[in-house]
Amino acid sequence: MGDEEKRQRQLLLEVLEQLADLIEAMAAFQPEALVISLGLDAHRQDPLAGLALETEDFELLGRRLSKLALPTVIVQEGGYPTDYLGNNLAAFLSGYGVG
């Protein structure tokens, strides 16, 4: 793994920590519903985003967000048609418990 990949994976770990903090705050707030704006352009192969998520990371994010156990609307936005786009969506939905 090169330096840039290591840096981006470290950023992912930071995002996951921040997501954990957000989920904790949301649980304390006790919202009635959740809207997820699912940007699949965060994948490393998206030609414009330049982020570092792998397909399995979308599954992990879905799993973590599903722990809120709220009525949820998932809106897909972002993600250029790459060979990974459908797999990323399927991974998120599988993690969330839809697939």
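Residues numbered from 1 in each chain as written. Predicted model: local features only at pLDDT ≥ 70, side-chain atom pairs only at ≥ 80, totals over all residues. Heavy atoms only, no water.

Visitor: What is the right way to read the side chain of His43 from this model?
Guide: Assignment of secondary structure puts His43 in the loop between β1 (34-38) and α2 (55-66). If near-sequence neighbours (up to four positions away) are discounted, His43 is found in contact with Leu51, Leu53, Glu54, Thr55, Phe58, Tyr84 and Asn88. (Helix = DSSP H or I, 4+ residues; strand = E, 2+ residues; numbered from the N terminus. Contact = heavy atoms within 4.5 Å.)

Visitor: Got a minute to help me understand the packing of α2 against helix α3 (residues 85-96) in this structure?
Guide: What describes two packed helices is the angle between their axes and the distance between those same axes. Between α2 and α3, the shortest axis-to-axis distance is 6 Å and the interhelical angle comes to 30 degrees. If you check the angle between α2 and α3, you find them roughly parallel. Two packed elements cross with a definite hand, and for α2 against α3 that hand is right-handed. Residues Thr55, Phe58, Glu59, Leu61, Gly62, Arg63, Leu65 and Ser66 of α2 touch α3, and the partners they reach there are Asn87, Asn88, Ala91, Phe92, Gly95 and Tyr96. The class makeup of the residues in the contact of α2 with α3 is six nonpolar, six polar and two charged. (Axes fitted to C-alpha atoms, helices over the stretch in contact; angles between N-to-C directions. Parallel < 35°, antiparallel > 145°, perpendicular 65-115°, else oblique. Left-handed = near helix turned anticlockwise from the far one by under 90°. Nonpolar A, V, L, I, M, F, W, Y, C, P; charged D, E, K, R; others polar.)

Visitor: What is the right way to look at helix α1 (residues 3-29) in this model?
Guide: Residues spaced three or four apart along an α-helix face the same direction, because each turn holds 3.6 residues. Helix length check: α1 (27 residues) gives 39 Å between terminal C-alpha atoms against 39 Å at 1.5 Å per residue, within 8%. Residues of α1 that are buried: Gln8, Leu12, Leu16, Leu19, Ile23 and Met26. Turning to α1, the residues buried within the fold contact β1 and α2. With its phi angle positive at about 60 degrees, Gln30 sits one or two positions after the end of α1. (Expected span 1.5 Å × (residues − 1). Buried < 20%, exposed > 50% of the residue type's maximum accessible area, 1.4 Å probe, protein only.)

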